[in-house]
Amino acid sequence: MAFEMFDLHGKTAIVTGGYRGIGRGISDGLAEAGADLVITARSIERIEKACLEIQQEFSVKALPFQCDVSKVEDVDKLVAFTLKEF
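The rules behind each value
- Residues numbered from 1 in each chain as written.
- Predicted model: local features only at pLDDT ≥ 70, side-chain atom pairs only at ≥ 80, totals over all residues.
- Heavy atoms only, no water.
- Patch = residues over 30% accessible without salt bridge, like charges linked within 9 Å, V, L, I, M, F, W, Y side chains within 5 Å.
- Areas by Shrake-Rupley, 256 points an atom, 1.4 Å probe, with all protein chains shown as cover.
- Salt bridge = Lys/Arg side-chain N within 4 Å of Asp/Glu carboxyl O.
- Helix = DSSP H or I, 4+ residues; strand = E, 2+ residues; numbered from the N terminus.
- Buried < 20%, exposed > 50% of the residue type's maximum accessible area, 1.4 Å probe, protein only.
- Pairing = 2+ DSSP bridges.
- Axes fitted to C-alpha atoms, helices over the stretch in contact; angles between N-to-C directions.
- Contact = heavy atoms within 4.5 Å.
- Expected span 1.5 Å × (residues − 1).
- Arc of directions from axis to C-beta.

A. Broad picture of a nonpolar patch on the surface. A grouping of Ile14, Val79 and Leu83 is seen on the molecular surface, where their side chains present a nonpolar patch of about 280 Å² in accessible area. Note on placement: isoleucine 14 falls in strand S1 (residues 12-16). Of the residues examined, isoleucine 14 reaches a relative accessible area of 38% and is grouped as partly exposed.

Here is the structure:
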């Protein structure tokens, strides 16, 4: 494991915009360290694809959740979903 000092097994992270660019790099790094993920963005198709790729590569649970983080009610639903699933 590349992150022996940064072990996140048993932890869960929410990554906004985690399907491409810097967000995808963060998602991959957290997954490599063992964290399960909820990846969120406005485009459900893109986050579903990213979650499948991350699950296959890093053997962690990665769940997609469509969310516009500029809307408080969407963020509340995101947090409730994450707590329910993990």
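B. The arrangement of the sheet that holds strand S2 (residues 36-41) in detail. Strands sit in the order S1-S2-S3 across an open sheet of 3 strands; the sheet is parallel. Each having just a single partner strand, S1 and strand S3 (62-66) make up the two edges of the open sheet. With strand direction ignored, the average angle separating the axes of adjacent strands in the sheet is 20 degrees. Here S2 runs beside S3; their pairing, made up of 5 bridges, is parallel. Counted as the bridge partner of leucine 37 is alanine 62 from S3. Helix H1 (residues 21-32) rests against S1 and S2 of the sheet, and its axis sits at about 170 degrees to S1.

C. Spatial organisation of helix H2 (residues 44-58). End to end, H2 covers 21 Å across 15 residues, agreeing with the expected 21 Å (1.5 Å per residue, within 8%). Turning to H2, its buried residues number three or more, namely Ile47, Ala50, Cys51, Ile54 and Phe58. Seen end-on, H2 carries its buried residues on one side only, within an arc spanning 105 degrees. Facing away from the buried side of H2 by more than 90 degrees, the exposed set consists of Glu45, Lys49, Leu52 and Gln56. Contacts from the buried residues of H2 go to H1, S2 and S3.

D. Just the environment of lysine 11, in detail. Note that lysine 11 resides in the segment before S1. In this structure the C-alpha to C-alpha distance between lysine 11 and aspartate 36, which are 25 residues apart in sequence, comes to 6.3 Å.

E. A look at the pattern of salt bridges. Applying the stated criterion to the full structure yields 4 salt bridges. Here glutamate 53 makes a salt bridge to arginine 24, at a shortest N to O gap of 2.9 Å. Linking glutamate 53 in helix H2 with arginine 24 in helix H1, this pair joins segments that are 29 residues apart in sequence. Given the relative accessible area of 27%, glutamate 53 is considered partly exposed. Classification of arginine 24 by relative accessible area gives buried; the value is 15%. The partner of lysine 49 in a salt bridge is glutamate 53, and the shortest N-O contact between them spans 2.6 Å. In this pair, lysine 49 and glutamate 53 both sit in helix H2, 4 residues apart, roughly one turn of the helix. When its relative accessible area of 54% is taken as the criterion, lysine 49 is described as exposed. In the salt-bridge network here, residues are joined through shared partners; they are Arg24, Asp28, Lys49 and Glu53.

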